[in-house]
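# Notes for the structure review
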Amino acid sequence: MTYFINRNYLRGVFTLLVIFVILISGASKANAFQDKKADTVSTSDVQFTTIPTAADSFAARKKQLDSVKKAQATMLKAKAATTDKTQSFWAIFIAGFLGGLLAITMPCIYPLLPLTVSFFTKKSGSRSKGILHSLLYGLSIIVIYVSLGLIITLLFGPDALNALATNGIFNLFFFLLLVVFGISFLGAFEINLPSSLANKLDQNSDRGGLVGIFFMAATLVVVSFSCTGPLVGSLLAAAATKGDRLGPAVGMFGFSLALALPFTLFALFPSALKSLPKSGGWLNSIKVVLGFIELGFSLKFLSNVDLAYHWNWFDREVFLSLWIAIGLLMALYLIGKIKFSHDSEVTHLSVPRTFIAIGVFAFVVYMIPGLWGAPLKVISGFLPPPATQDFDLTRSMGSSPAAPVQNVSIKTKKYEDIFKRGKHFGLNEWYDYDQALQVSKELKKPILIDFTGWNCANCRRMENEVWPDAGVRSRMQNDFVLLELYVDEKGNLPESEFYNSKFSGKKITTIGGKNSDFETTKFETNSQPFYVIMDSNGNVLVPPQGAKFSVENYTKFLDSGIAAYKNQ
């Protein structure tokens, strides 16, 4: 020990001597330089070199990492937005395609298949010309319907289409429109375009050539409107409320493609016409079943209005009761226990009709437990939030743990009364950004922002399929401050909080408008749900994400946010 101390002592003395010699030498050289040069050296002639310290290197490295993280987050966000939009377009296209397939089975179109194909094959004189004319006929149908979708976009504009999803007037209009369409399909009346228009188009179809074929397709569109009109109207309503600029056109492309395919395919293989079932009462049965589906679908739009404007009378069990009643009537109709004026006698049940009836009965049985609070994950996106349920058996039995108490200085949650119908049992929600920041500082926990909406179907799916998982629920209860920001809330802000948006320039006067503007301004997106994890100072910790119906994915997302917060 003594030797170690003495050695260190000698080293220290030697180091001090070396430093002293260097200083003396530097001072001597400086005096000699001053003696040699009488005038003062300008500081502009001297170049100083900055020697970075460890702290400077760390700060530069941190700045570089922050830039990389920001670039990665921007790239991931753009990729997610592109993916979401692509998925949305595919969903609209598939819905349109299925609608077109259903339209083929309508009484106004199905009998025309063999007549139209036979007309082309005989009039053309050769099989090759018949196929060409059928192709042009199908292409004309596609052009007409896609043009209709584009006209809808031009009339309303992309901004208006985005507003349709949450606008109460439009949702109420769509509800009434679908009810009218449903009643029409049930046989109460028919929706027809003016006969003079059909006659005019039919006269122009005699011109021959490309023009004549186009007008033949237009005549089909007009004449079959009583059958296709409700389907097209429902599809356009659903596509428009998605808020996508090209949504209506994409939906119409899918619809018209499915409608045009049979005319071309049967022209290629005319012998296949013999295998088609003969026209009969089953065509009208399909129309009636679609009428029931239209009525059920209309209730979703009515529920949107009820939630957005806080009417508070269209609760979850009311919605389910109506769907159960409609489903039961549909099933009884399929087995021949209910008939309408245009129906033929059901002497026996065909195999397809039997299987469809079984499916409808099974769906009705599946919905019944929902009257007592069952989650019904298959249809959770269409139903009102669980908090609107007056009686929930799972809560009354205590199977779900209550929300943990948060000991914070804020005793009154801002806007809590407004959003009580959107509460999630077992979670402690906050609804104001500034309050959430304060709570985060006091509890020393990150903030989980849920950009959501009353009319957001994917939000309901996430809340009913992913959030109830024990691991996800535990993390959301204990490791985060949950901030729910509804972008379609119609309640007014206090007048003192009105402001003009830096993003859109519009005056923001509602709670939903403020939340929507915050999302678009800070995160450059306006899709819901959108999940963001940030710290007490409002810094985003990990790349945000949207609707991904995977418990594993959401758990990893939450864990990454917790880890990033702890590593700060």
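The model shown is predicted, which means the values in this text are computed figures rather than measured ones.

Turning next to the overall build of the chain. Within the chain, the regular secondary structure consists of 18 helices and six strands. Counting over 568 residues, the chain shows a buried share of 42%. Taking as baseline every contact in the chain between residues at least 6 positions apart, the subset at least 24 positions apart corresponds to 72%. Of the roughly 30,500 Å² of accessible surface on the chain, a fraction of 65% belongs to carbon and sulfur atoms.

Turning our attention to helix 15 (residues 457-465). When we look at burial in helix 15, the residues that qualify are Cys459, Arg460, Met462, Glu463, Asn464 and Glu465. Turning to helix 15, the residues buried within the fold contact strand 2 (447-452), strand 3 (481-486), strand 6 (530-534) and helix 18 (551-566).

Helix 18 packs onto helix 16 (residues 470-478) with a crossing angle of 25 degrees between their chain directions and a minimal axis gap of 9 Å. It follows from the interaxial angle that helix 16 and helix 18 lie roughly parallel. The two elements helix 16 and helix 18 meet at a crossing, and its hand is left-handed. On the side of helix 16, the interface is formed by Val472, Arg475 and Met476, while helix 18 contributes Val551, Tyr554, Thr555, Leu558 and Asp559. Across the contact of helix 16 with helix 18, the residue classes break down as five nonpolar, one polar and two charged.

Turning our attention to the environment of Glu497. Looking at the element boundaries, Glu497 is found in the loop between strand 3 and strand 4 (499-500). Of the polar contacts made by the side chain of Glu497, one reaches the side chain of Lys414; its length is 3.1 Å.

Turning our eyes to something else, we now look at the confidence of the model for the chain. Residues shown with low pLDDT carry predicted positions that ought not to be read at fine detail. Here the chain averages 78 in pLDDT, while 74% of its residues score no lower than 70. A low-confidence stretch, residues 1-50 (pLDDT under 50), is modelled with two contacts involving residues beyond four sequence positions or located in other chains. Considering only residues more than four positions removed or in separate chains, one finds that residues 71-83, a stretch of pLDDT under 50, has six contacts.

Let us now look at the nonpolar core. Residues Tyr137, Ile141, Tyr145, Met252, Phe255 and Leu259 are the most contacted members of the largest nonpolar core, which totals 36 residues. Those elements giving two or more residues to this core turn out to be helix 2 (54-104), helix 3 (112-123), helix 4 (127-164), helix 7 (209-223), helix 8 (225-240), helix 9 (247-268) and helix 10 (281-308). Excluding anything up to four places from it in sequence, Met252 contacts Tyr145, Val146, Leu148, Gly149, Val232, Leu235 and Leu236.

Here we take up the pattern of salt bridges. Any two side chains of opposite charge can pair if their charged atoms end up close together. Taken as a whole and judged by the stated rule, the model has 12 salt bridges. For Asp559, the salt bridge identified is with Arg475, shortest N-O distance 2.7 Å. On the criterion of sequence distance, the pair formed by Asp559 in helix 18 and Arg475 in helix 16 is long-range, its members being 84 residues apart. The class for Arg475 is partly exposed, based on a relative accessible area of 22%. Three or more residues are tied together by salt bridges with common partners; here these are Lys414, Asp432, Glu497 and Lys514.

What follows covers the packing of helix 11 (residues 316-334) against helix 12 (residues 351-367). Running from amino to carboxyl end, helix 11 crosses helix 12 at an angle of 160 degrees, the nearest separation of the two axes being 9 Å. Overall, the two elements helix 11 and helix 12 adopt an arrangement that is roughly antiparallel. Our pair here, helix 11 against helix 12, has a crossing hand that is left-handed. Of the residues in helix 12, those touching helix 11 at Leu320, Trp323, Ile324, Gly327, Leu328, Met330, Ala331, Leu332, Tyr333 and Leu334 are Arg353, Ile356, Ala357, Val360, Phe361, Phe363, Val364 and Met367. Looking at the contact of helix 11 with helix 12 residue by residue, the class counts come to 16 nonpolar, one polar and one charged.

Our next topic: the packing of aromatic side chains. The geometry of an aromatic ring pair comes down to the distance between the two centres and the angle between the two planes. Inspection of the entire model under this criterion finds 30 aromatic pairs. Look at Tyr137 and Phe263: their rings are 5.3 Å apart centre to centre, the planes differ by 70 degrees, and that puts the pair in the edge-to-face class. In this pair, Tyr137 sits in helix 4 while Phe263 sits in helix 9, placing the two residues 126 residues apart along the sequence. Accessibility classification places Tyr137 together with Phe263 in one group, the buried group. Ring geometry for Trp454 and Tyr486: centres 4.6 Å apart, planes at 35 degrees, overall tilted.

The next subject is the pairing of strand 6. For strand 6, the tally of buried residues reaches five of five residues, placing the bulk of the element in the interior. Across five bridges, the pairing between strand 2 and strand 6 is antiparallel. Across the sheet, the residue bridging to Leu448 is Ile533, located in strand 6.

A few words on the sheet that holds strand 3. Strands sit in the order 1-3-2-6 across an open sheet of four strands; the sheet is mixed. Each edge of the sheet is formed by a strand with only one pairing partner; in this case those strands are strand 1 (429-430) and strand 6. Pairing of strand 2 with strand 3, which is carried by six bridges, proceeds in the parallel orientation. In the sheet register, Ile449 faces strand 3, and the bridge partner there is Leu483. Sitting on the sheet, helix 15 touches strand 2, strand 3 and strand 6, and the angle it makes with strand 2 is about 135 degrees.

One pass over the structure, following the stated rule, counts one disulfide. The disulfide partner of Cys456 is Cys459, and the S-S distance across this bridge is 2.2 Å. Between Cys456 and Cys459, the S-S torsion sits near 80 degrees, and that sign places the bridge as right-handed. As far as burial versus exposure is concerned, Cys456 and Cys459 are alike and both buried.

Every buried residue belonging to helix 16 is among Val472, Arg473, Met476 and Gln477, and all of these are buried. Looking straight down helix 16, one finds that the buried residues subtend no more than 130 degrees of arc, so they occupy a single side. Looking at the buried residues of helix 16, the elements they touch are strand 2, strand 3 and helix 18. The backbone nitrogen of Gly471 lies 3.1 Å from a side-chain oxygen of the residue at the head of helix 16, namely Asp469.

Let us look at unusual backbone geometry. Look at the link from Gln528 to Pro529: it is a cis peptide, with omega at 0 degrees. Positionally, Pro529 belongs in the loop between helix 17 (511-523) and strand 6. The phi angle at Leu376 is positive, at roughly 50 degrees, despite the residue not being glycine. Tracing the backbone through its elements, the reader meets Leu376 in the loop between helix 12 and helix 13 (393-396). Leu376 sits in the buried class, given a relative accessible area of 4%. A positive phi angle, close to 70 degrees, is found at Tyr415, a residue other than glycine. If you trace the backbone, Tyr415 turns up in the loop between helix 13 and strand 1. Look at Tyr415 and you get buried, because its relative accessible area is 14%.

What counts and how
Residues numbered from 1 in each chain as written. Predicted model: local features only at pLDDT ≥ 70, side-chain atom pairs only at ≥ 80, totals over all residues. Heavy atoms only, no water. Helix = DSSP H or I, 4+ residues; strand = E, 2+ residues; numbered from the N terminus. Buried < 20%, exposed > 50% of the residue type's maximum accessible area, 1.4 Å probe, protein only. Contact = heavy atoms within 4.5 Å. Areas by Shrake-Rupley, 256 points an atom, 1.4 Å probe, with all protein chains shown as cover. Axes fitted to C-alpha atoms, helices over the stretch in contact; angles between N-to-C directions. Parallel < 35°, antiparallel > 145°, perpendicular 65-115°, else oblique. Left-handed = near helix turned anticlockwise from the far one by under 90°. Nonpolar A, V, L, I, M, F, W, Y, C, P; charged D, E, K, R; others polar. Polar contact = N/O pair within 3.5 Å; in protein donor to acceptor, adjacent residues only side chain to side chain. pLDDT = per-residue confidence, 0-100. Core = buried A, V, L, I, M, F, W, Y, C linked by side-chain atoms within 4.5 Å. Salt bridge = Lys/Arg side-chain N within 4 Å of Asp/Glu carboxyl O. Phe/Tyr/Trp six-rings, centres within 6.5 Å; stacked < 30°, edge-to-face > 60°. Pairing = 2+ DSSP bridges. Disulfide = S-S within 2.5 Å. Arc of directions from axis to C-beta.

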